[in-house]
Amino acid sequence: MKTALHDEFAQYRLPDTALWTPGPHALTPAVERTIRAYRATFSHRSNDFKSLYTQAVALLREAFHAPEAYTPLIFGHTGSYDWEMVAVNTPPDSRAVGLDIGAFSARWAELFVRHDRAVDVLRVPWGYGIEPDRWRTALRSGYDVALLTHNETATGVMLPVDALCRDARLRSPEMLVAIDGVSIAGAVEVDIGTMRPDYYLWSLQKDFGIPAVGSVMIVSNRALETAGGVAKRGYVLDLIEWHTRAADAQTPVTVSDLMLRCLIARLEEMLDEGDARFRRHRNLARMQRDWAAKHGLGLLAQPEFCSPTVTAVLMPDSIPATELVHAAKNVLNVQIAPGYGPMQNTAIRIAAMGSTSESEMERFLAGLSLMIRNWSAAT
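Chains are numbered independently. Their residues run from 1 in the order of the written sequence. At least 70 in pLDDT is required for a residue's local features to be given in this predicted model, at least 80 for side-chain atom pairs to be given and counted, and no such filter applies to totals for whole chains, interfaces and linings, which use all residues. Excluded from the side-chain calculations are hydrogens and water; all other atoms, namely the structure's heavy atoms, are used.

This part covers the packing of helix α1 (residues 3–10) against helix α14 (residues 358–373). Helix-helix packing: each pair is described by the crossing angle between the helix axes and the interaxial distance. Helix axes are fitted only over the stretch in contact, all axes being lines through C-alpha atoms; the angle between N-to-C directions runs from 0 to 180 degrees. Going along the chain from the N terminus, every DSSP run of H or I of four or more residues is numbered as a helix, and every run of E of two or more is numbered as a strand. In contact at an axis separation of 10 Å, α1 and α14 are set at 160° when each is read in the N-to-C sense. When the axis of α1 is compared with that of α14, the two are roughly antiparallel. Between α1 and α14, the contacting residues are Leu-5, Glu-8, Phe-9 and Ala-10 on the first element and Arg-363, Gly-367, Leu-370 and Met-371 on the second. Within the contact of α1 with α14, the residues separate by chemical class into five nonpolar, one polar and two charged. Angle categories: roughly parallel below 35 degrees, roughly antiparallel above 145, roughly perpendicular from 65 to 115, and oblique for all the rest. In this description, contact between two residues means that some pair of their heavy atoms is separated by no more than 4.5 Å. In the scheme used here, Gly and all other residues not listed as nonpolar or charged are polar, with Ala, Val, Leu, Ile, Met, Phe, Trp, Tyr, Cys and Pro taken as nonpolar and Asp, Glu, Lys and Arg as charged.

See the structure below:
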């Protein structure tokens, strides 16, 4: 790279490596402080642990507006386990409707099939969501369980889950509604009391920016009543076991106190920022979309389904996505992600998660513009 161009790139290079993949995502300041200060001083069966667990549950209730008819459960495993928990804790003869709007929504439906559950899958091309009329038509079939994906990480598609839940309650009130919020929880307002899903689950390594393995599922009393009627729930995935232990601020298997400390710190950080964090996430995603439009680049997600946390930008043939991702890391000190699966070399994915600021994103996107304008020289 020529010296003049190198100097120009230097003004856009972030001083500290920024991890802006759709997950895992960069630590937030509160999480980083918690990890740096951590010392192991008590066991997971102590009263100190119980105090941490109780505090985390109270903050989850506040942040996600969860009424008493719902219980936040905190796990020491990733959200993929939570998919399986929903399957294991619903009757084997249940009929489910799942989605295929991208790789992860399709995987959840496939997991139900692996547990010998009957599943009908609503499929759309990548980049599209489920239209309201198609959803209402599906509800006429009388399903027992619905598997919804709030935000498809592979495509940058967000579904209007509030409206989908409202239709479900109106047209199929007995159906259990499960929502995977893994790549959006924390970044948008989620009001459990208004939405009334039976399961809302997510991992903590995305917008929560917590590297210690963990996940959360907020479950309704209806979901727990259903689980109680299922004969074979196992142990680690048994919602009743987790709920029973949670009543005493305990867990069936070890949950790290470090993860609880990080969760508390992140929830306090979120609540301190208040509604401004929702505006910030929307602004970050809008900046990414505006940047793509400025360079004549398309988005994978259709306009009505664009996500506020994951933007998948289609690359021209002249710029392989994997090479751009590599160059962004080397030159701008920002780690973004290539497209998922079959789109690995035709799209990039940029996250708008955690504590990323508009000024940081503006600086990075300006550097990315310079890179595209000088692609041959930059690589």
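Further remarks concern the environment of Thr-137. Along the chain, the position of Thr-137 falls in helix α6 (residues 132–139). Given the relative accessible area of 41%, Thr-137 is considered partly exposed. Sequence separation between Thr-137 and Arg-171 is 34 residues; the distance between their C-alpha atoms is 9.9 Å. With a 1.4 Å probe rolled over the protein chains alone, any residue whose accessible area is under 20% of its type maximum counts as buried; one over 50% counts as exposed, and the rest are partly exposed.

Let's shift gears to the layout of surface pockets. Roughly 320 Å³ of volume is contained in the largest pocket. Elements represented by at least two residues in the lining of the largest pocket include exactly α2 (29–37) and α14. Class assignment of the residues belonging to the lining of the largest pocket gives a composition of seven nonpolar, six polar and four charged. Only protein atoms enter the 1 Å grid, on which a cavity is a set of points fitting a 1.4 Å probe that cannot get out and a pocket is an open set with protein on both sides within 12 Å along at least 5 of 7 lines, lining residues being those with an atom within 4 Å of a point. Grid points are joined across faces, edges and corners, and a volume is the space filled by probe spheres set on the points. Approximately 280 Å³ is the volume attributed to the second largest pocket.

Turning our eyes to something else, we now look at the environment of Trp-83. Along the chain, Trp-83 falls in helix α4 (residues 79–88). Beyond its immediate chain neighbours, meaning those up to four positions away, Trp-83 contacts Phe-104, Arg-107, Trp-108, Leu-111, Phe-112, Asp-180 and Leu-201.

Let's shift gears to the sheet that holds strand β3 (residues 95–100). Here seven strands make up an open sheet; going across it, the order is β2-β10-β9-β8-β5-β3-β4 and the pairing mixed. The open sheet is flanked by β2 (70–75) and β4 (118–123), the only strands paired with a single partner. Ignoring strand direction, the axes of neighbouring strands in this sheet form an average angle of 20°. As defined by bridge partners, strand β8 (residues 176–180) adjoins strand β9 (residues 199–203) across three bridges and the pair is classed as parallel. Among the inter-strand pairings, Asp-180 is bridged to a residue of β9, identified as Leu-201. Of the strands in this sheet, β2, β9 and β10 (215–220) touch helix α10 (residues 239–246), which is tilted by about 100° from β2. Two strands form a pair only when DSSP identifies at least two bridges running between them.

Glancing now at the packing of aromatic side chains. Aromatic ring pairs are reported here in terms of the distance separating the ring centres and the angle at which the planes meet. Working definition: a ring pair exists when centres of Phe, Tyr or Trp rings (six-membered ring for Trp) sit within 6.5 Å. Plane angles under 30 degrees give stacked, over 60 give edge-to-face, the rest tilted. Tallying each qualifying case throughout the model produces eight aromatic pairs. What links up through ring pairs into an aromatic cluster is the set Phe-64, Tyr-200, Trp-202 and Phe-208.

What follows concerns the sheet that holds strand β13 (residues 337–338). A sheet is described by the order of its strands in space; here three strands give the open sequence β11-β14-β13, paired in antiparallel fashion. One side of each edge strand has no neighbouring strand; the edge strands of this open sheet are β11 (310–314) and β13. With two bridges joining them, β13 and strand β14 (residues 347–351) adopt antiparallel strand pairing. By the bridge assignment for β14, Ala-337 is matched with Arg-349. Where helix α13 (residues 321–332) meets the sheet, its contacts fall on β13 and β14, and the angle it forms with β14 comes to roughly 40°.

A separate point is the nonpolar core. Membership of the largest hydrophobic core comes to 90 residues, with the highest contact counts inside it found for Phe-64, Ile-74, Trp-135, Trp-202 and Leu-263. Element by element, the count of residues in this core is highest for helix α3 (residues 47–64), at nine residues. Discounting chain neighbours no more than four positions away, the residues touching Ile-74 are Tyr-53, Ala-56, Val-57, Leu-60, Ser-215, Val-216, Trp-242, Thr-251, Val-255, Met-259, Leu-260 and Leu-263. Buried Ala, Val, Leu, Ile, Met, Phe, Trp, Tyr and Cys residues form a nonpolar core when they are joined through side-chain atoms within 4.5 Å.

By themselves, these observations are geometric and do not establish any function.
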